[in-house]
Amino acid sequence: MNIRQHVVDSRLVKAKRIVIICCLLSTVYCLLSTAFSCVPQKEKIFKKDKILMDTLVTITVVSDSKDTAEKAIDAAFSEIEYLEKLSNHYSPDSEITHINRNAGISEVKVSYDILKLLEKALYVSENTEGAFDITIGPVIALYDFHKKIRPDDGMIKKILPLVNYRDIIVNRGRSTVLLKRKGMLIDLGGIAKGYAADKAADTLKKQGVRSGLVAVAGDIKAFGLKPDEKPWKIGIRNPEAKNKEDDIMATIELEDMAISTSGDYERFFLSGGKRYHHLLNPKTGLSANECRSVSIITKEGAYADAFATGIFILGPEKGLKVLDKLGFEGMIIDSQGKPHLTQGIRERIEFKRTVS
Amino acid sequence: MSLRELFHNTTLADRIIFSLMIVLSLSGIAFIKEILPDNSTLHIYVDGRPAYILPLDKNRVVSVEGPQGKTVVEIKDHQVRIIESPCHNKLCIQTGWVSSGAIVCLPNRVVVTLGDPDKHKKTVDATTG
């Protein structure tokens, strides 16, 4: 009886030991796996929205600390706010307003960023046969897309001579700008958002962010890789979509690149079966009608933004030639809904549904 | 064997391991909660400042005061829409029901954002166009 008891006891002790060893091993395993799975997971994605430049700006960054991320994002928001103050031609005291008010009168001293913006805008004008033209301001002023107001042909004819990018005189040495003729108006709406995305991304980098995504509405700048070491994935909106921004036609992965899209669905009204939208041809003063949407991918957001507008107005054939010449990538959806792609985008773009 | 007997049969090591396991499983829950996105909340911002953080599983109607007036937001069956807005173009109302992403009313500075319903299924990081 005693011996049997002893045997049972020793067996129990043995069993217990095995259980303890198993428990210890599994604990160690758990701890180790948690620790190792933590290493790649340590970096997280932080995202913040703010209404700036009359649109929704979303900044996403990869960081291992919430504080660092938020500080960097706030600094980038401030940069965009600063650019908005300089470039907004609706505000009474922006530098662009000063230039516009002194049109035909005197040259105006401007900051570095306005000088850069104007130089870039002129570069795009020269490469799009003037299809992109920031002096379109007086024509835009004749339209009201909310109130469905459009000018008659006579009014447009009278105003059109004021539209010519060659009448912007930029003096780099003195940092001054002069509009040659009275009544001229600069409107940076087609380039400022892309430029702001560039500058915001630079600010994030200066704050030590290694990877981020700045989206000033549809003008997007991406740099670095996500925590899973994959590039940022951007959706391109389907031009047929009705108000649903999540209706995506195609996706593309971007690393250290910018993408912008111009579409005839952004600001428009229908009248007499015709679509009047904000992408106005500087030669005619009317909405351009050869495309439905144009997406451009290149290093600089300012160029992606402005060329998207310019090529929308130029049309698919000429547009593709411009992109090839400059080494930019892009997708042009023509008025029939047919996509035209550059060689380089073909291998990278992923269509979600076939576009007829 | 009663519970007390069972307790007496355990050694100090047993108890340490037992409590360690409990701590570990609890921290596991906290860990997972930290990693998973809060997919069941709705954030409403007015002029950049958070006005509401609401759960999506409770149907209700809330209103916020923007610079132009009252914007009314409805939550129903994990979806959100704006039903009333003082803005002139009413784009926010036209957006309709939304189950992910955001609804924005620029004139009244109201931004409504939703957590992604399933982060793993999420297809894009941003949209152009």
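Residues numbered from 1 in each chain as written. Chains lettered and ligands numbered in written order. Predicted model: local features only at pLDDT ≥ 70, side-chain atom pairs only at ≥ 80, totals over all residues.

### Quick look at the nonpolar core
Ranked by internal contacts, the top residues of the largest apolar core, which has 91 residues, are I80, V214 and I220 of chain A. Excluding anything up to four places from it in sequence, I80 of chain A contacts L52, M53, V57, A196, A200 and V216 of chain A. Core analysis: the next-biggest nonpolar cluster, separate from the first, contains 17 residues, L42, C87, V104 and V111 of chain B among them. (Core = buried A, V, L, I, M, F, W, Y, C linked by C-beta atoms within 7 Å. Buried ≥ 20, exposed ≤ 12 C-beta atoms within 10 Å, placed from the backbone. Contact = placed C-beta atoms within 7 Å.)

### Side note on the confidence of the model for chain B
Residues and elements named next belong to chain B. Per-residue confidence for chain B gives a mean pLDDT of 83, with 88% of residues at or over 70. Ranking the elements of chain B by mean pLDDT puts helix 1 (residues 3–9) last with 80 and strand 4 (residues 69–76) first with 93. Ignoring residues within four places in sequence, the model shows residues 117–121, a span with pLDDT below 50, making five contacts including any to other chains. As a predicted assembly, this complex carries a pTM of 0.76 together with an ipTM value of 0.77. (pLDDT = per-residue confidence, 0-100. Helix = DSSP H or I, 4+ residues; strand = E, 2+ residues; numbered from the N terminus.)

### Thoughts on the domain arrangement of chain B
Domain assignment breaks chain B into domain 1 (3–35) and domain 2 (41–121). Each of domain 1 of chain B and domain 2 of chain B has a C-alpha centre, and these two points are 44 Å apart. (Domains from an automatic or database assignment.)

### Topic: the interface of chain B and chain A
Opposite the 27 residues of chain B that make contact, chain A presents 36 residues. Of all the secondary structure elements, the ones that give two or more residues to the side of chain B that touches chain A are helix 2 (12–35), strand 6 (101–105), strand 7 (110–114) and strand 8 (126–128) of chain B. With seven residues, the single largest contributor to the side of chain B that touches chain A is helix 2 of chain B. Residue composition of the side of chain B that touches chain A, grouped by class: twelve nonpolar, twelve polar and three charged. Where strand 8 (residues 232–237) of chain A meets strand 8 of chain B, three bridges bridge the pair, whose relative direction is parallel. Bridge pairing links G235 of chain A to T127 of chain B in strand 8 of chain B. (Nonpolar A, V, L, I, M, F, W, Y, C, P; charged D, E, K, R; others polar. Pairing = 2+ DSSP bridges.)

### What about unusual backbone geometry?
When glycine is set aside, most residues are seen to have a negative phi, and most peptide bonds are trans. Residues and elements named next belong to chain A. The residue A217 is not glycine, and still its phi comes out positive at about 55°. By the element assignment, A217 lies in the loop between strand 6 (211–216) and strand 7 (219–223). Backbone geometry at D256 places phi at a positive 50°, although glycine is not the residue there. Here D256 is to be found in the loop between strand 9 (248–254) and strand 10 (257–263).

### As for the sheet that holds strand 7 of chain B
Residues and elements named next belong to chain B. With antiparallel pairing, four strands are arranged side by side in an open sheet as 2-1-7-6. Edge positions in the sheet fall to strand 2 (49–55) and strand 6, since each has one partner strand and no second. Averaged over all adjacent pairs, the angle separating strand axes in this sheet is 15°, with direction ignored. Here six bridges tie strand 1 (residues 41–46) to strand 2, and the two strands are oriented antiparallel to one another. When the sheet's bridge partners are listed, V46 is paired in strand 2 with R49. (Axes fitted to C-alpha atoms, helices over the stretch in contact; angles between N-to-C directions.)

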